[in-house]
Amino acid sequence: MNNAMVQDASPQSGRAALVVGATGGIGRAVAEALIAHGWRVTALHRDPERARRISPDLPVDWVRGDAMNEADVVAAAKGAGIIFHGANPPGYTRWRELAIPMLANAIVAARASGARLIFPGNMYNFGPDAGSVIDESSPQNPTTRKGAVRVEMERMLASGAPDGLRSIVVRAGDFLGDVPGSWFRAVMVKPGRPVRFVTYPGQRDVGHAWAYLPDLAETIVRLADIERDLEPFDVFHFGGHWVEPGEEICHAVRRVTGRPDLPIRSFPWIGVYAAAPFVTFMRELIEMRYLWQVPLRLDNGKLVRLLGEEPHTSLDEAVAATLVRMGIQPQAVPITA
């Protein structure tokens, strides 16, 4: 970040944050929200020049480093008050091999710098026994390998609290927004072309949790602003959009595109099962299918009691903004968020 940017920041610009994974959907959204709140943001990337080309409009200080290299993360976090750990293994593969070492390096960096580590959680931690409404105390008995990894990662954070590690987990549902690997973009609607149909991967009458990234990022940064008042290890659930029945999100696509007759198709799971013996990614998809078959709603009561409200963009506006980021111009809903 150049000197002019630092000088033009808000009066609170002395606050510094490190974002790991700033070229990803949630990492970029959180970096933007931090900047809007007056934080100076450093972003770690293996190839800073490539990162600048990917995100030319993101005013962060790109530094060279690999999230898999402890020394790189520690060096990048020097002087930071917040570390946002948004790095994630690509696709659904190599979770244990990559996710746990990356988080371990972020923990070492947080200890070295005294920073609060913020980790975006998801719903993989919970199996069907958690109940239909999940709060921060709900039992975590995952039925999948990725869920077990997520539980282990959060335990890494919790176990460090007695020794001075400060961390926050903010758990949310599936993403709406600028997220190339999201279910909405990868499965439901094809980017960059007129919408001819919507593919829904779940059981249509079962509710599903969605999180609009700008709302989630704003929530995370509001927590960062008051992190000194929080428990050493704290967990919050972001309610986002509970869409019930689940296919209502397809009707939102119909509304914002002005196409009330837009066909809604079911996801071809039978093809995924047929390919699973030969393709690892297909096996990983099948493992997570239960999230589309049982209702798992996140209770955000704790978050609302603390902040007074949860940032919330209407579903239609969130869907419209997501389509715009996918190169599709909505016809019926203006973008104001």
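Just so you know, these numbers come straight off a predicted model, no measurement behind them.

## A short note on the overall build of the chain
- A tally of regular secondary structure across the chain gives 13 helices and 14 strands.
- Once the C-alpha set of the chain is aligned to its principal axes, its extents read approximately 55 × 45 × 45 Å.
- Among the 337 residues that make up the chain, the fraction classed as buried is 53%.
- Across the chain, the mean location of the 36 positive side-chain charges is 6 Å away from that of the 37 negative side-chain charges.

## Structural notes on the packing of aromatic side chains
- Considering all chains together, one arrives at eight aromatic pairs under this definition.
- With a centroid separation of 6.3 Å and an interplanar angle of 75°, the aromatic rings of Trp-183 and Phe-267 are classed as edge-to-face. Of this pair, Trp-183 sits in helix α7 (residues 183-188) while Phe-267 sits in the loop between β13 (264-266) and α10 (269-275); the two residues are 84 residues apart in sequence, bridging distant segments of the chain.
- With relative accessibility at 9%, the residue Trp-183 sits in the buried group.
- With a centroid separation of 6.4 Å and 90° between ring planes, the pair formed by Phe-184 and Trp-210 is classed as edge-to-face. Residue Phe-184 is found in helix α7, and its partner Trp-210 is found in strand β10 (residues 208-212); the two are separated by 26 residues along the sequence.

## Quick look at the confidence of the model for the chain
- Across the chain, the average pLDDT comes to 92, with 93% of residues at or above 70.
- Note that pLDDT drops below 50 for residues 1-13; the model gives that stretch 14 contacts with residues more than four away or on any other chain.

## Let's talk about the sheet that holds strand β1 (residues 16-20)
- Strand order in the open sheet made by the seven strands is β3-β2-β1-β4-β5-β7-β11, with parallel pairing throughout. At either end of the open sheet lies a strand with only one pairing partner, and these are β3 (61-64) and β11 (233-237). Sheet twist, expressed as the average angle between the axes of neighbouring strands with direction ignored, equals 20°.
- Pairing geometry for strand β5 (residues 116-121) and strand β7 (residues 166-171), over six bridges, is parallel. For Pro-120, the partnering residue across the bridge sits in β7 and is Val-170.
- Packing against the sheet, helix α5 (residues 95-113) makes contact with β4 (82-85) and β5, and its axis sits at approximately 175° to β4.
- Packing against the sheet, helix α6 (residues 145-160) makes contact with β5, β7 and β11, and its axis sits at approximately 160° to β5.

## Section: unusual backbone geometry
- Here the amide bond leading from Glu-244 into Pro-245 is cis, since omega sits at 0°, within 30 degrees of zero.
- Looking at the element boundaries, Pro-245 is found in the loop between β12 (241-243) and α9 (248-257).

## Focus on the sheet that holds β10
- The sheet built from three strands is open, its strands ordered β8-β10-β12 with mixed pairing. Looking at which strands have only one partner, the edges of the open sheet turn out to be β8 (174-176) and β12. Taken pair by pair, the neighbouring strands of this sheet meet at an average axis angle of 40°, ignoring direction.
- When β8 meets β10, the two strands line up parallel, connected through three bridges. When the sheet's bridge partners are listed, Phe-175 is paired in β10 with Ala-211.
- The sheet strands contacting helix α8 (residues 213-225) are β8 and β10, and the helix crosses β10 at an angle near 70°.

Conventions and cut-offs
Residues numbered from 1 in each chain as written. Predicted model: local features only at pLDDT ≥ 70, side-chain atom pairs only at ≥ 80, totals over all residues. Heavy atoms only, no water. Helix = DSSP H or I, 4+ residues; strand = E, 2+ residues; numbered from the N terminus. Buried < 20%, exposed > 50% of the residue type's maximum accessible area, 1.4 Å probe, protein only. Lys, Arg positive; Asp, Glu negative; His and termini not counted. Charge placed at Lys NZ, Arg CZ, Asp CG, Glu CD. Phe/Tyr/Trp six-rings, centres within 6.5 Å; stacked < 30°, edge-to-face > 60°. pLDDT = per-residue confidence, 0-100. Contact = heavy atoms within 4.5 Å. Pairing = 2+ DSSP bridges. Axes fitted to C-alpha atoms, helices over the stretch in contact; angles between N-to-C directions.

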